[in-house]
Amino acid sequence: MTLKETITQEALAIFKREGLENITETYLLNKLDISQATFREIFKSLPDLVNHPMEYDLQVQRNEHKKILAQSPNAVEDVMYLLVDGTNQVKNTNPLYYLHLQQYYPQAWQIGMSHLYSYSYPQIHGIINKGVLEGNFRKDINIPLVTKIIMEQLNMLLNPMLFP
């Protein structure tokens, strides 16, 4: 594992535990036990450091989903796995992390939102379609509509205006 990967993992743990509002470069340098020169060599800025853990976290989630869903026998279990995994992700993350991403690091937040629509939407759509083909879900289900409803439920949870 490279130094950049180690810093990225440790920074992600800090961000998810503490949120981002009071995170300064100096604070992170102390918590990560790295020099400013090392930090500048690896990252352009604090926002750049926030972006990397976001991308890393999403890649870890994709890899985990791929492994688990490959072993899942049907779409019902796929849905259950994703619900449990999503619940655990939210439960193990300080809610301020999501709020602070939106408020202070819009580029990192956009990385997460892009992931929802480029990865999660097709994944959910595919699972629902798989369930229809397996006979586990109704054949007359409107797959795009149900997928959209699920995505909007996710967005509702992350919208601080709806659920502060």
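Read on for a plain summary of the structure. If you're wondering where the values come from, they're calculated on a predicted model, not measured in any experiment.

1. Structural notes on the pattern of salt bridges
Per the stated rule, a full pass over the model turns up eight salt bridges. Note that Arg-17 and Glu-18 form a salt bridge whose closest N and O atoms lie 3.8 Å from each other. For Lys-148, the salt bridge identified is with Glu-152, shortest N-O distance 2.8 Å. With a gap of four residues between them, Lys-148 and Glu-152 both fall in helix H8 (residues 143-158), about one helical turn apart. Taking the relative accessible area as the measure of exposure, Glu-152 reaches 31% and is therefore partly exposed. A network of salt bridges, in which partner residues are shared, links Arg-17, Glu-18 and Lys-31.

2. Side note on the nonpolar core
Counting 32 residues, the largest nonpolar core has Phe-15, Leu-28, Leu-49, Tyr-97 and Leu-101 as its most contacted members. For this core, the secondary-structure elements that each account for two or more residues are helix H1 (3-18), helix H2 (25-32), helix H4 (46-71), helix H6 (95-104), helix H7 (106-134) and H8. Per element, the largest residue contribution to this core is seven residues, and it comes from H7. In contact with Leu-101, not counting residues within four places along its chain, are Leu-20, Val-50, Met-54, Pro-106, Ala-108 and Trp-109.

3. A short note on a nonpolar patch on the surface
Taken together, the side chains of Val-76, Val-79, Met-80 and Leu-83 make up a nonpolar region of the molecular surface, amounting to roughly 320 Å² of accessible area. When you line up the elements, Val-79 lands in helix H5 (residues 75-91). What makes Val-79 partly exposed here is its relative accessible area of 31%.

4. Topic: unusual backbone geometry
Positive phi, normally seen in glycine, also occurs at Asp-33, with a value near 55 degrees. Looking at the secondary structure, you find Asp-33 in the loop between H2 and helix H3 (36-42). When its relative accessible area of 69% is taken as the criterion, Asp-33 is described as exposed.

5. A few points about H2
Among all positions of H2, only Glu-25, Leu-28, Leu-29 and Leu-32 are buried. The arc enclosing the buried residues of H2, seen along the axis, measures out at 100 degrees, which places them on a common side. Those residues of H2 that are exposed and angled more than 90 degrees off the buried face are Thr-26 and Asn-30. Where the residues of H2 are buried, they touch H1, H3 and H4.

What counts, and where the lines are drawn
- The numbers attached to residues start from 1 for each chain and follow its sequence in the written order.
- The predicted nature of this model means local features are confined to residues of pLDDT at least 70 and side-chain atom pairs, given and counted, to a pLDDT of 80 or more, with totals for whole chains, interfaces and linings taken over all residues.
- Side-chain numbers here rest on the full set of heavy atoms in the structure, without hydrogens or water.
- In what follows, salt bridge is the name for a side-chain nitrogen of Lys or Arg lying within 4 Å of a carboxyl oxygen of Asp or Glu.
- What counts as a helix is a DSSP run of H or I of at least four residues, what counts as a strand is a run of E of at least two, and both are numbered from the N terminus.
- For every residue, the accessible area (1.4 Å probe, protein chains only) is compared with the maximum for its type, and the residue is labelled buried under 20%, exposed over 50%, or partly exposed between those bounds.
- By nonpolar core we mean a set of buried residues, namely Ala, Val, Leu, Ile, Met, Phe, Trp, Tyr and Cys, connected to one another through side-chain atoms within 4.5 Å.
- By definition, residues are in contact when any of their heavy atoms lie within 4.5 Å.
- Residues enter patches when they are more than 30% accessible in relative terms and free of salt bridges; like-charged ones are connected within 9 Å and nonpolar ones (Val, Leu, Ile, Met, Phe, Trp, Tyr) within 5 Å.
- All accessible-area figures derive from a Shrake-Rupley calculation using a 1.4 Å probe, and residue coverage is judged against the displayed protein chains alone.
- Working note: the arc is built from the helix axis to C-beta atom directions.

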